[in-house]
Structures are given as structure tokens and as C-alpha cells.
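Architecture at a glance
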Amino acid sequence: MDKLPTYSESSPVDLPWLARWRLKHRMAPMALMLCFISVASLLLSFSQLALLGKQSVQLPLHAEQILQRCNMLHAKPGPPSNFHQRTESDRFVEGTHATLIRNASIWTGDQEITQGDILLDKGIIKFVGHARPGMFNGFKELVTLDAGGSWVTPGIVDLHSHLGVDSAPALSGADDTNSWKGPVLPWLRSLDGLNTHDDAYRLSISGGVTTVNVLPGSANAIGGQAFVIKLRPTAERSPSSMLLEPPYTLNGTHVDPTLPPRWRQMKHACGENPSRVYGNTRMDTFWAFRQAYDTARQIKEQQDAYCTRALAGEWEDLGEFPDNLQWEALVDVLRGRVKIHTHCYEAVDLDDFVRLTNEFQFPIAAFHHAHETYLVPGTLKQAYGHTPAAALFATNARYKREAYRGSEFAPRILAENGIDVVMKSDHPVLNSRFLLYEAQQAYMYGLPANLALAAVTSTPARIMGQDHRIGFVREGYDADLVVWDSHPLALGTTPQQVWIDGIPQLSEPAVASKPTSFQQAPRTPNFDLEAAAAIKYEGLPPLIPKKAKDLVVFANISSMFVPDGMGGVMSVANVGEGSVVALWKGVVQCWGAAAACLSEFASENAEWINLEGGSIAPGLISYGSPLGLEEIQGESSTHDGTVFDPLTGSVPSILAGSELIKASDGLQFAGRDTLLAYRAGVTAGVTAPSSVGLISGLSTAFSTGAAHRLEDGAVIQDVVALHVQIGHSNQGPSVSTQIAALRNMLLGDKSSTTFAEVANGYIPLVVQVQNADIIASLIELKKEIHTRTGTDIQLTVAGADEAHLLAKELGEAGVGVILTPSRPFPSDWESKRILPGPPLTNETAITTLLAHGVTVGIGIAEQWSARNTRFDVAWAALESFDRISKEQALALASVNLEKLLGVKPSGGLGDMVATRGGTVLDSEAKVIGIISPRRGIVDLI
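Residues numbered from 1 in each chain as written. Predicted model: local features only at pLDDT ≥ 70, side-chain atom pairs only at ≥ 80, totals over all residues. Heavy atoms only, no water.

What about the overall build of the chain?
A count of helices and strands for the chain gives 23 helices and 35 strands. Against the globule reference of 30 Å for 941 residues, the chain gives a C-alpha radius of gyration of 31 Å, in line with a compact fold. Dimensions along the principal axes, computed over C-alpha positions, put the chain at roughly 110 × 75 × 55 Å. Each of the 941 residues in the chain was classed as buried or not, and the buried ones make up 61%. Across the chain, contacts joining residues at least 24 apart in sequence account for 74% of those joining residues at least 6 apart. (Helix = DSSP H or I, 4+ residues; strand = E, 2+ residues; numbered from the N terminus. Rg over C-alpha atoms; globule rule 2.2 N^0.38 Å. Buried < 20%, exposed > 50% of the residue type's maximum accessible area, 1.4 Å probe, protein only. Contact = heavy atoms within 4.5 Å.)

Quick notes on the sheet that holds strand 27 (residues 715-717)
Ordered in space as 23-24-26-27, the four strands form an open sheet in which the pairing is mixed. In this open sheet, the two edge strands, each paired with only one partner strand, are strand 23 (620-623) and strand 27. Each neighbouring strand pair of the sheet contributes to a mean axis angle of 30 degrees, computed without reference to strand direction. Pairing geometry for strand 26 (residues 700-703) and strand 27, over two bridges, is antiparallel. Residue pairing in the sheet places Ala 701 in a bridge with Gln 717 of strand 27. (Pairing = 2+ DSSP bridges. Axes fitted to C-alpha atoms, helices over the stretch in contact; angles between N-to-C directions.)

Quick look at helix 18 (residues 772-789)
Turn by turn, an α-helix covers 3.6 residues, leaving residues three or four places apart pointing in a common direction. For helix 18, with 18 residues, the first-to-last C-alpha span of 26 Å sits near the 26 Å given by 1.5 Å per residue. Taken together, the buried positions of helix 18 are occupied by Ala 772, Ile 774, Ile 775, Leu 778, Ile 779, Leu 781, Lys 782 and Ile 785. The arc enclosing the buried residues of helix 18, seen along the axis, measures out at 165 degrees, which places them on a common side. In this structure, helix 18 carries Asp 773, Thr 787 and Arg 788 as exposed residues pointing more than 90 degrees from its buried face. On its buried face, helix 18 sits against helix 16 (735-747), helix 17 (753-759), strand 29 (765-769), strand 30 (795-799) and helix 19 (807-813). Near the N-terminus of helix 18, the side chain that reaches the backbone nitrogen of Asp 773, with its oxygen 2.9 Å away, is that of Asn 771. Just beyond helix 18, the residue with positive phi is Gly 790, at close to 80 degrees. (Expected span 1.5 Å × (residues − 1). Arc of directions from axis to C-beta. Polar contact = N/O pair within 3.5 Å; in protein donor to acceptor, adjacent residues only side chain to side chain.)

Some points on the packing of helix 16 against helix 18
Two numbers describe how helix 16 lies on helix 18: the axes approach to 11 Å, and their chain directions differ by 25 degrees. Here helix 18 runs roughly parallel to helix 16, going by the angle between their axes. Crossing of helix 16 against helix 18: the hand is right-handed. Taking contact as the criterion, the partners of Val 735, Ile 739, Leu 742, Arg 743, Leu 746 and Leu 747 in helix 16 are, on helix 18, Ile 774, Ser 777, Leu 778, Leu 781, Glu 784, Ile 785, Arg 788 and Thr 789. Across the contact of helix 16 with helix 18, the residue classes tally to nine nonpolar, two polar and three charged. (Parallel < 35°, antiparallel > 145°, perpendicular 65-115°, else oblique. Left-handed = near helix turned anticlockwise from the far one by under 90°. Nonpolar A, V, L, I, M, F, W, Y, C, P; charged D, E, K, R; others polar.)

Focus on the sheet that holds strand 32 (residues 856-858)
Spatial ordering of the open sheet is given by 25-28-29-30-31-32, a layout of six strands whose pairing is mixed. Taken across any chain shown, the strands that pair with only one partner, and hence form the sheet edges, are strand 25 (695-698) and strand 32. Each strand of the sheet is rotated relative to its neighbour by a mean of 20 degrees, with strand direction disregarded. Bridge analysis of strand 30 against strand 31 (residues 816-819) gives four bridges, and the strand direction is parallel. Bridge pairing in strand 31 links Val 797 to Val 817. Across the sheet, helix 18 is in contact with strand 29 and strand 30; its angle to strand 29 comes to roughly 160 degrees.

Re the side chain of Thr 108
For Thr 108, the position within the fold is in the loop between strand 1 (99-107) and strand 2 (112-121). Under the relative-accessibility criterion, Thr 108 is labelled buried at 3%. In terms of polar contacts, Thr 108 uses its side chain to reach the side chain of Asp 110, at 2.8 Å.

A few points about a nonpolar patch on the surface
The grouping of Phe 644, Val 651, Ile 654, Leu 655 and Ile 661 at the surface amounts to a nonpolar patch, some 450 Å² of accessible area in total. Among the secondary structure elements, Ile 654 is positioned in the loop between strand 23 and helix 15 (672-679). (Patch = residues over 30% accessible without salt bridge, like charges linked within 9 Å, V, L, I, M, F, W, Y side chains within 5 Å. Areas by Shrake-Rupley, 256 points an atom, 1.4 Å probe, with all protein chains shown as cover. Salt bridge = Lys/Arg side-chain N within 4 Å of Asp/Glu carboxyl O.)

Looking at unusual backbone geometry
Omega for the bond connecting His 427 with Pro 428 falls within 30 degrees of zero, at 10 degrees, which places this linkage in the cis form. Considering the arrangement of structural elements, one finds Pro 428 in the loop between strand 13 (421-423) and helix 11 (435-444). Each neighbour pair has its own omega, and for Thr 820 with Pro 821 the value is 0 degrees, a cis peptide bond. In this structure, Ala 370 is a non-glycine residue whose phi angle is positive, near 50 degrees.

Let's talk about the environment of Val 429
Positionally, Val 429 belongs in the loop between strand 13 and helix 11. Placed 337 residues apart in sequence, Val 429 and Phe 92 show a C-alpha to C-alpha distance of 32 Å. Aside from chain neighbours lying at most four places away, what touches Val 429 is Phe 393 and Asn 396.

Quick word on the nonpolar core
Counting residues in each nonpolar core, the largest one holds 174 residues, and the members touching the most others are Tyr 293, Leu 765 and Leu 810. Non-local contacts of Leu 810, meaning those with residues more than four positions away in its chain, are made with Ile 775, Ile 779, Ala 803, Val 815, Val 817, Leu 849 and Val 854. Membership of the second largest hydrophobic core comes to 19 residues, among which are Val 572, Leu 583, Ile 928 and Ile 931. (Core = buried A, V, L, I, M, F, W, Y, C linked by side-chain atoms within 4.5 Å.)

Comments concerning helix 8 (residues 347-360)
Counted at 1.5 Å a residue, the expected span for helix 8 with its 14 residues is 20 Å, and the 20 Å between its end C-alpha atoms agrees. Within helix 8 the residues assigned to the buried category are Asp 349, Leu 350, Asp 352, Phe 353, Val 354, Leu 356, Thr 357 and Phe 360. Of the surrounding elements, those touching the buried residues of helix 8 are strand 9 (264-269), helix 6 (282-311), helix 7 (328-334), strand 10 (338-344), strand 11 (366-369) and helix 9 (377-380). Directly after helix 8, the chain includes Gln 361, whose backbone phi takes a positive value near 60 degrees.

Some details on the pairing of strand 9
When you tally the buried positions in strand 9, you get six out of six residues, the bulk of the element. Alternating residues of strand 9 divide into Arg 264, Met 266 and His 268 and Gln 265, Lys 267 and Ala 269, and every residue in both groups is buried.

Re the state of the cysteines
Under the definition given, this model contains three disulfides. Paired by a disulfide, Cys 70 and Cys 307 hold their sulfur atoms 2.1 Å apart. Measuring handedness by torsion sign, the sulfur bridge of Cys 70 and Cys 307 sits at about -75 degrees and is left-handed. Here Cys 70, found in helix 3 (residues 63-72), pairs with Cys 307, found in helix 6; they are 237 residues apart in sequence, far enough to count as distant. For the pair shown, Cys 70 and Cys 307 are each scored as buried. (Disulfide = S-S within 2.5 Å.)

Here we look at the pairing of strand 10
In terms of burial, strand 10 is largely enclosed, as seven of its seven residues are buried. Residues Val 338, Ile 340, Thr 342 and Cys 344 point to one face of strand 10 and Lys 339, His 341 and His 343 to the other, with burial holding for every one of them. As defined by bridge partners, strand 10 adjoins strand 11 across four bridges and the pair is classed as parallel. Its bridge partner being in strand 11, His 341 is matched across the sheet by Ala 366.

Here's the deal with the packing of aromatic side chains
Enumeration over the complete set of coordinates arrives at 19 aromatic pairs. Seen from their ring centres, Phe 286 and Phe 353 are 6.3 Å apart, and the 75 degrees between their planes marks the pair as edge-to-face. A residue pair is termed long-range when its members are at least 10 positions apart, and Phe 286 in helix 6 and Phe 353 in helix 8 qualify at 67 residues. Assigned by exposure class, Phe 286 and Phe 353 land together as buried. (Phe/Tyr/Trp six-rings, centres within 6.5 Å; stacked < 30°, edge-to-face > 60°.)

Regarding the confidence of the model for the chain
Taken as a whole, the chain shows an average pLDDT of 91; of its residues, 92% reach a score of 70 or greater. Low pLDDT, under 50, characterises residues 1-54; the stretch is placed with 100 contacts to residues that sit more than four places away or in other chains. (pLDDT = per-residue confidence, 0-100.)

Here's the deal with the pattern of salt bridges
Applying the stated criterion across every chain yields a total of 54 salt bridges. Residue Asp 352 pairs with Arg 355 through a salt bridge whose shortest N-O separation is 2.3 Å. Of this pair, Asp 352 and Arg 355 are both found in helix 8, three residues apart, which corresponds to roughly one turn of the helix. A relative accessible area of 15% places Asp 352 in the buried class. Given the relative accessible area of 47%, Arg 355 is considered partly exposed. The salt bridge partner of Lys 926 is Glu 530, with a shortest N-O separation of 2.8 Å. Here Lys 926, found in strand 34 (residues 926-932), pairs with Glu 530, found in helix 14 (residues 528-536); they are 396 residues apart in sequence, far enough to count as distant. Given the relative accessible area of 17%, Lys 926 is considered buried. One continuous salt-bridge network, built from bridges that share partners, spans Arg 86, Asp 90, Arg 91, Lys 230, Arg 232, Glu 245, Arg 262, Arg 469, Asp 478, Asp 480 and Asp 501.

This is the structure:
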């Protein structure tokens, strides 16, 4: 919609934003209007007859409008009855050429069509099927695209986003996610804070996202009204012009008497967030809910009583319609006109809210986050009206207590219980550009393919009440489509083109070639036992792996990757299809053809494990999060804590003059994120002390599979590197002050042997920094130290969102880079100049840095994502235009990190990962074994 709709606060007589559409469909609305007028006239006549013989009562001047309004109080939302007869979208932009997509593999929203054609015209889909030759010759300027068998899906629909209200980059002047004015605020509207300059719109479109539901945040029990927008830029450049289906008026509940009302959306939240913000308990929050809904119920009852009298012709002393602008939206909830989206995690809150719906008789559209819904599907089915959907993350969990029992198998289990599953981003919690990745993970862990794709297209469209126009590839639907470079459930799939309202959104898209096998949905590993255990143990299944026998033989191996001894990873040449690897207490004794290794496993005590064409690769390393120092992010009692900042003068005297804080002193073993990472092939973690100041301290390398620090091989290296962080802050000293302090510590601090070791190049200095200008200053500092001391410090920059801007200079200076996260996002001002990669740019930060000889590693920001490291490195290779091999991809999270962080090479004692059904880089493969010669064991997953 590129023309700003006009709105009226009086009773409406027209709907300007549908003007062009209605000009082509005058007869039905006109007939409906005549019907309403006739009904109103009859009612007026009956009311006059009823008054015969009684004292004369003067009718109100707006009696007809009052009767219309009363009749519409119980009208249910939805599209006009002739909506699908439209020939032009209300959002059509004049001058947009018709587009014919030929030879596409189509997923329509509920089924597949092979080698079909799609015609887009006037902002809608005009044809889906197999076009006859010459069928569209009548179009003068038809744009034709031969998809060549590529997959086409509906545009991605995000049911839970804060795009535009929690903007990128994050600045205090555009922070409009939450109001802090009270726990119950149904009168607030996300539209009123929608920032049209959010850098993330373009990024999300590049991931195939076309429509999002912009929710207020979860600080409040009732946070306010949400609005559904399309992401394409509009000529008006206004928030209102982005709305998918604005209500007839944005200032009230007046409706066009010729049309049914439109669905509204509202955000609720229960559990920890509103409790933390307002210092309340769950009991306080639910009393606030009940109090609010009781207020709305009283207003509704007053309105119903008023309309009962009006419709009966009892006009005497009737007065004005009992409206209340502050509470009208919540009254509409009770009338069944609002889709309620409830942020709710665990069983107690889910049960509370279900009881609330039955007490006040309103339905829920979806529970969001909903980490324990898979444990209580029966509770969801007791909700008023219908069973709500569950809008989930795939693997993001354990960041607070109410998320601690979250499971990757939740989508599968809920679907098996007949509950609608939606995968959502909660952008910018997860970058909505990669919302499809959430569906891919849900599919990998057992959600059927059609439901996984529906979870980000047709299901969220239906849950928000917009499935009459978006979420499907059907004739008459909005022309919101994506052509993908591979099957949409294949890892790393990227749009070749995105259409919104029939308008292509990507100019000169960069499209990387993908393997032919990626054009089919990947096979999925069998996780039946793990899914059953998630339920059996109420979300906390045992994660400690089983110890194998001393003699283990991995058979039917198709490939093997090992460190090459020169800082890289190589493929072992004599390991191919049907090969074996024999190990004694975790140490490789023989590999290759079975006959060649026969003497090594002749013992009857050997434990044979069939990898079914699988692979063995180096164990991966996780860096960048508090993995091993923190169990639940939102619970301080589960943390090691933060170190004191010497720049603020807050270091206690008892620590004055002492050496730096060591992370190894605070290690916590056998945490759930740590063990989940181990079971996914991440065998080591490198973690620095947590800090909010300049100096973090000394990092440590540890085994993610160890039970405690006294176990053999638990601490791989006690001290690894010195870590500092430099950046702009409203609270801390200036950047120049931070660099000056670092310079003095490296060149002038004689009391610290650690800083001397850094200055002499014995241990690395790892600087957490995003901004290219600060990185440039650090390069200059490295040169200055060399000039003054003659030594080269080992400098690594981590975070490094803008490092690609200095790739040449970093390479020349010998400065390494750890990108955390590996797929960038401009979350703050210091990260604004990212290199997004395909389809927006040919190059990624990784390929750019590698091309200039920079040693590159990848890391993570939050410990829950350590388990996904293998997919992060695989993704880096997939979008590299074949410039990153499998060996180089594995190095990004293994030997490269060892070099960048100062982890001494392990030689033949390094951990290895055994996968069944593929390599550790393949989503089809399942990690089934960890080989640890350092610890003298083979763990079976």
C-alpha cells in the first residue's frame, strides 16, 4: 500500500485504502449497504410501532448509525466475501510489470507442484499450474524468469518480531519495544513506535521474510496492540503505508458497515519478564490480568445492555454508547476480534493463562516461546474456544529458568499431539533474516517437512488471521514469493529473488552455486529415543554419554579429516567408502581398508560401530560465550560472575597488585549447554572471565565432556590468552582512554608478568571489538609496540563485525580475526558496516579476510548456540562460492581457533568426532561418538 490511508474518528462511510479495489467491485458492497439500510429502517419502523400509544420519544439524530454499530458488535473479523474475486491488490503499485516464473518446483503452503508456472500481476498471484504455450501473450511487458527447477515458496511470515521497534543499530532514540508505565497497557500500539529506518528490514527481506507481526515487548502483562506489516519500502516512507490490513480506523473500533472488521493483534506476557520489571510475583501478574479483563467485561456488558435497548427501540434516556478509548481493544478481545499472542514459557504460567481464558471466555492465538508446551499439550487443549498454536525457537533455550527445560524436540512432539507449530524469530533476539533456519532445525529434529515449511509460511499466516491473502502460493493471493537457490529445508538455502506485492526486492542478487543434492529435502537422523527421553525426564534427559570399550572399531567410514600438522586440516587419502578406524583407549591404531587393519581388531572384545557412510573429523572448539562459566544467563547464582574493572577504580585492595583473574578458577563442568555442545561435536571450549570493563582476564581451554576439573584431560590448558574489550559505552571511559590504558599496561606495567608475556609475544592478546576505527587503532598499537620493543605481539580481534573493511591491513599486520557471530548483524552502532553476504553481496566477511591472508576463526555470543557450531562452519562454506573447502571450513572452528587463542597444538592427542550418515558438516549426519585420546576414552552418544 503506497498511498497513505485516511482515517476518521466518526462513524465511517468509506474505506479509502481499498478505494481502487472497491471501484472494481461496487455492486456487492452497495448491495450489502442497502441491506443494512433496509434492516436499520425496519428496526426504526418497529421501534416507532412499539412506541404507538406511548408518550412520544424523540429519536437520536444518529439513531441509524447507533443501530448499525450495535449490529456490528458481534460481527466476526475476516475478509469481504468477494475478496478472492479481486483483480488487483489494494497494495498494487502502478508501473509494476507482470512477472511469469516458469519451470519452478513449487511448495504452495500445503503441497508440492513439480515444474509449475506462476503469474504475478497487479500485486496478486493470477495463475499457478502448468501454463500452455502462448497463454500469456496478451501481456505487453511481461517479465519472464526461468527458475530452472528451483524451489518457490510463499514469502516467509514471522509471527513474532520487534522489527522497527527494537531497531538496528540499537540507539536510545529508537527504543520503542516496551513501555515501563505499568503492567497492563492494552491501549498502546506498536505502530506508534515503528521506525521506518531500521537497517534490519533489508536484511530480513534478503532472507525471504516478507511479512511480520510487530509485537510490543514482554515487560508488561499486557504490552499493547501489535500490527502486521510488509517489509518492502513504500513511496510514502511511512509506518502506516507498511500495514498489511489496517483496521477501518486506527483510533477506535468503528467499522465500515459494508465490510466485516479486520483482525487485530495484541501482546500479553506472563512469567519472569513482567515479574522482574515490576518486582512482582506470578500471583501479582495474574491478578493484574484478571483486574484488566474484569474492567473490559464490565464495559462490554454495558455496551450489550445499551444495544439491547437500542435494538428494541427503547430510546428514552438511552444516552451515548458506553465506549472507552483506553479499554476498547481489550473489550474487542472479549468479542473475539483480537488475536492474542502470549509470551509464556512454563507449565504454571500456561495453566494460569488457560484458566484466565476460560474465566473471561476469550481465545488465544498462540503461546510464544512456550518452552514447556510440549510437556503439557493437554493443558493447551483446555483453552477457551480452540487450542492455541505454539510459536517456538528451534534450539534457543536455557537462557533463564523458565526456558531451562526447552527441547529441540518440542516442535515434533507438539505436532504429534495435533497442536499447530510456528517457528519465530523474536527479532532481534534471533536475526529474522535466518528464520527459515529455525524451520530447518525443527525438521532435522523430527518435525515433518510439510509442517516445518508451513511453520514459517501458511501456519503463522493462519494464526494471525491473514491466510486469506498471504502464506500460500494460490491464485488470488498476494504476490509474495521467494525463489530459493536450494531446497528450503537444506542448510544455508538463500533467496535468488524475493517478491513483495509482485515487486522484486533484490537488485543483482548474489547467488552461490549449491550441490545438486541440496535441491532435495535432506534426510534426517533418527532421534526417536531422544525425543521420548525429553518427555520421560520432563525436559531434562540425561546427557552424560556412555563410555565405549577400550577397543573400538568404527566401520563403513567414507571420509576422515585430521589436523595436517602445519596449522590446517587435511582429508586422509586412504580412507574411503567402507574403510575402518581402530582405536585403543581413544588413540588411533589403524585406519584404511578393513583387511589392512585386521590385526588391530581381532580381539573378541572389540566394540564395532557402523557409521553407515559417515565420517571422522577434528573436534570443534567453541569460543565467545560464557560456556563453562554460566549455566542460566538470567540466574546470577549459576554464574561465575563478573570481574572488577580497574579503569573504574573498583578493584578491592585485597586484589591490588595481584595477577589477572583466571577463568579456570571458576569453571563449571557438566552444564546442559556444555554437554549438548559436546554431543554435537564441540569437544573443547575456550572461555574468558566475564567482564563489563576493559580487562576480562585470562582464558582457559577445557573439555566440554569432562565431569569435573580433576578428571584427566578436563582442563586442556590452564591459561590460554589475555582478553580485553574496547568499545563505545555510555557508562565507561572513552575509547581513547581504554586504548591509552592498554598501551600503558603493555609498555609500562612492570608489575604484571602477564602483560610482559603479552608484550613479548608469548601469549596472545585477544581484543573484543567490533568497530573498524577501533581495530585500526589496535593495528597501530601493535606497530608501536614493535617499534619500541622489537617484538611482535600476537594480536587477535574478536567480534570484529567491521573487520572486513580492514582485511588488507589486518593481513599485512598479521592480526587474526574471530568473527562472533559468524553471520553478522548490525546490532549496534559499532557493528553498522557489516558485510552481509549472499544474496546482498558476493563476498562474506570470512571470504574477504581469508583472501587477504588473515587467519579466521568463528565463535558465538550465547552458550546455547555452541551446539550449532558445525552448522555455522558448514554455512560459511556453502555461501563462499566454492572458495572455502570442507577442510578450510573445519579449520574455522578447530585449528584456526587454536592458533588465534594460543591453545597449544595437541598433536596426536586432539579430540575427534564420529558422525553417522555423513560428515560433521552435513545436517543429515548424527554425531554418535567422541574420540578423546587426551582423556583415553571413546564416548558414545
